Structure formats: structure tokens, C-alpha cells
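Observations on the model geometry
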Amino acid sequence: MTVTQDVERATDAELKALAEQAGRDLEDASALEILQWAVTTFGPKFCVTSSMEDAVVAHLASRVQPGVDVVFLDTGYHFEETIGTRDAVEAVMDVHVITLTPRQTVAEQDAEYGPRLHDRDPDLCCALRKVKPLQEGLTGYAAWATGLRRDESPTRANTPVVGWDEKRRKVKVSPIARWTQDDVDAYVAEYGVLTNPLLMDGYASVGCAPCTRRVEAGEDARAGRWAGRAKTECGLHG
């Protein structure tokens with residue numbers, strides 16, 4: 001099945017079956033081969049999402065499809081370094097950066113829900129500033145790529161290279177799911193890929209500033225996200 005063979009008119013059941021078969025077929029494929037499958041299958045109905053922690057997946061996708069759409073969520077709470085990374089990616093890479101924003105500014109959200117919602121109800125804050133904007137922003141796509149890796153945390157250990165996103169009813173592609181941090185570092189070094197400067201300042205995973213801290217030696221990469229809480233994911237991936 002390709003985009004010219006009615007992917008746009010495929011049922012959810014057909015897309016789910018396609019994704020699950022591709023996940024099995026491409027388990028041992030390279031990241032570029034996985035992305036080539038996605039671009040061939042979905043054409044302009046495929047995009048990459050990026051938190052701008054690094055631009056590895058965006059760079060990989062641009063090698064397969066120059067000018068590929070790269071979707072970034074500007075929550076209003078990002079570090080300046082994250083916004084700077086987004087601007088640099090847009091300036092120097094052959095990609096089309098699309099910035100999504102929540103329906104409310106931080107000030108408008110504070111007025112309705114009270115200040116520092118991220119401290120009192122981080123799940124609601126993530127839903128308003130991440131999950132809903134992405135849901136709306138992906139409306140025009142049939143498939144999206146993420147930078148999820150199995151080694152990042154126990155919650156991501158079973159991430160398929162291609163799977164079905166039940167929540168959004170879309171195909172979800174994770175081309176570097178099998179990579180390790182060493183693989184990422186080697187790719188960044190080989191291709192000079194842009195990375196968030198915070199990664200050199202003690203941050204192993206970069207999210208919104210109020211909910212992200214530096215990690216200590218021996219902690220997993222996502223220990224600095226929502227530290228002190230049971231929360232481990234923002235809701236975009238589960």
C-alpha cells in the first residue's frame with residue numbers, strides 16, 4: 001500500500017494492520033530504511049515530531065525526504081535553549097518546521113486554572129499544552145515519527161519501530177527505537193547534528209522548564225522529568 005494506493009482512504013483497521021506488519025518486517029531494519037518505508041507509504045501525510053532535545057530523527061528524515069515536515073510543540077514553558085535549537089534547526093536543515101501552540105497562552109491558562117498548574121495538576125497541564133495541541137496539529141497526517149528509544153526508560157522498553165497509535169488513530173514510527181545513547185552520540189558526531197545545549201549542562205532529557213531538572217550520576221535519562229512525582233510521561237506517548 002502506498003499513498004497513491006488509497007492510504008488516505010484506508011480504514012483504521014487497515015492502517016493498524018499495515019503498521020503492525022511493518023513493525024514486524026522492519027524490526028531489524030536501519031533507521032533510514034524505516035523512514036524510507038514511511039515516506040514511500042505516506043508521502044506528504046507523514047511528518048516528524050521533535051521536542052528539540054536533539055535533531056537526530058529530523059536529520060535522518062531529511063536525508064530520505066528533503067523538506068520533510070517537522071512538528072514542534074511550543075508549550076510556552078520551554079527553556080530558551082530549546083527555542084534556540086528549534087530556530088537553528090529551521091535555519092540550517094532541509095526541513096519544514098511547523099510550530100504548534102496551545103489554544104491558551106500561559107497567562108490565559110493561569111487566569112482560568114490558577115498559576116503554576118504544572119505544580120498542582122501536571123497531567124492537566126500536559127493535556128492542555130501538549131496532548132491537545134498535538135492531537136489537533138496531526139489532523140492532516142496519517143503517520144508521525146518520534147525519537148522514542150527503548151533504552152530511555154522502562155515505560156519505553158517495548159516501543160515498536162512501527163506501531164499503531166490507538167489514541168490518535170495514526171501510524172506511529174520510531175526509527176531509532178533500537179538505538180542506544182552511544183548510537184545517538186555517534187550519529188551526532190558523524191553528521192554534526194544540532195543538539196540542545198542543555199544536554200551538555202547536566203540535563204539528560206529536556207522538557208518544559210518548570211518540570212525538568214538535571215540528573216544525578218546513575219539516574220536514568222528521564223529521572224529529571226517531573227522529579228519527585230509518579231508521573232513519567234506527558235501523555236504524548238501513552
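Heads up: the structure comes first, above all this text.
What comes next concerns the included structure. Since we're looking at a predicted model, the values are computed, not measured. (Residues numbered from 1 in each chain as written. Predicted model: local features only at pLDDT ≥ 70, side-chain atom pairs only at ≥ 80, totals over all residues. Heavy atoms only, no water.)

Our next topic: the overall build of the protein chain. Secondary structure summary: the protein chain contains eight helices and six strands in total. In the protein chain, the order of α-helices and β-strands from amino to carboxyl end is α-α-β-α-β-α-β-α-α-α-β-β-β-α. Computed over its C-alpha atoms, the radius of gyration of the protein chain comes to 17 Å, within 12% of the 18 Å expected for a compact globule of 238 residues. Taking the principal axes of the C-alpha coordinates as reference, the protein chain spans close to 50 × 40 × 35 Å. Per-residue burial for the protein chain yields a buried fraction of 49% across its 238 residues. (Helix = DSSP H or I, 4+ residues; strand = E, 2+ residues; numbered from the N terminus. Rg over C-alpha atoms; globule rule 2.2 N^0.38 Å. Buried < 20%, exposed > 50% of the residue type's maximum accessible area, 1.4 Å probe, protein only.)

With that settled, the discussion passes to the packing of aromatic side chains. Ring pairs (aromatic) are described by centroid distance and by the angle formed between their planes. Under the counting rule described, the total for this entry stands at four aromatic pairs. Pairwise contacts between aromatic rings join Trp179, Tyr187 and Tyr191 into one cluster. (Phe/Tyr/Trp six-rings, centres within 6.5 Å; stacked < 30°, edge-to-face > 60°.)

With that out of the way, let us pick up the pairing of strand 3 (residues 95-100). Looking at chain direction, strand 2 (residues 68-73) and strand 3 are connected through six bridges and run parallel. For Asp69, the partnering residue across the bridge sits in strand 3 and is His96. Where the polypeptide runs from strand 2 across helix 4 (residues 80-92) and back to strand 3, its parallel neighbour, the crossover connection is right-handed. (Pairing = 2+ DSSP bridges. Right-handed = clockwise from strand over helix to strand, strands pointing away.)

This next bit is on helix 1 (residues 12-25). Taking 1.5 Å per residue, 14 residues should reach 20 Å; helix 1 reaches 20 Å between its end C-alpha atoms and fits that length. Burial in helix 1 covers these residues: Leu15, Leu18, Ala19, Ala22 and Gly23. Viewed end-on, helix 1 has its buried residues packed into an arc of 135 degrees, placing them on one side of the element. Turned more than 90 degrees away from the buried face of helix 1, the exposed residues are Ala13, Arg24 and Asp25. (Expected span 1.5 Å × (residues − 1). Arc of directions from axis to C-beta.)

Axis angle and axis distance: for two packed helices, these are the angle between their axes and the distance between the axes, and together they describe the pair. The geometry of helix 3 (residues 56-64) relative to helix 8 (residues 181-191) is characterised by a closest axis approach of 11 Å and an angle of 60 degrees between their N-to-C directions. As summarised for this structure, helix 3 and helix 8 are arranged oblique, according to the angle between their axes. In the packing of helix 3 onto helix 8, the handedness of the crossing is left-handed. Taking contact as the criterion, the partners of Val56, His59, Leu60 and Arg63 in helix 3 are, on helix 8, Val184, Tyr187, Val188 and Tyr191. Residues that form the contact of helix 3 with helix 8 fall into these classes: six nonpolar, one polar and one charged. (Axes fitted to C-alpha atoms, helices over the stretch in contact; angles between N-to-C directions. Parallel < 35°, antiparallel > 145°, perpendicular 65-115°, else oblique. Left-handed = near helix turned anticlockwise from the far one by under 90°. Contact = heavy atoms within 4.5 Å. Nonpolar A, V, L, I, M, F, W, Y, C, P; charged D, E, K, R; others polar.)

This part takes up the sheet that holds strand 5 (residues 162-165). Neighbouring strands of a sheet are bound in pairs by backbone hydrogen bonds; such pairs are parallel or else antiparallel. Taken together, six strands build an open sheet; the order of strands is 3-2-1-4-6-5 and the sheet is mixed. Two strands in the sheet have a free side with no partner beyond their single neighbour: strand 3 and strand 5. Each strand of the sheet is rotated relative to its neighbour by a mean of 30 degrees, with strand direction disregarded. Relative to strand 2, strand 1 (residues 46-49) is paired through two bridges, and the arrangement is parallel. Bridged to Val48 within strand 2 is Val70.

Attention now goes to the pattern of salt bridges. As enumerated under the stated definition, the model contains 11 salt bridges in all. For Glu27, the salt bridge goes to Arg150, with nearest N and O atoms at 3.0 Å. Residue Glu27 is found in the loop between helix 1 and helix 2 (31-42), and its partner Arg150 is found in the loop between strand 4 (143-145) and strand 5; the two are separated by 123 residues along the sequence. On the basis of relative accessible area, Glu27 is assigned to the partly exposed category, the value being 26%. Two residues, Arg169 and Glu166, come together in a salt bridge whose shortest N-O distance is 2.0 Å. (Salt bridge = Lys/Arg side-chain N within 4 Å of Asp/Glu carboxyl O.)

It is generally the case that most residues other than glycine have a negative phi and that most peptide bonds are trans. For Arg116, which is not glycine, the phi dihedral falls at a positive 55 degrees. Turning to its location among the elements, Arg116 is positioned in the loop between helix 5 (106-113) and helix 6 (117-120). With a phi close to 60 degrees, Arg169 is a non-glycine residue in the positive phi region. On the secondary structure map, Arg169 appears in the loop between strand 5 and strand 6 (170-173).

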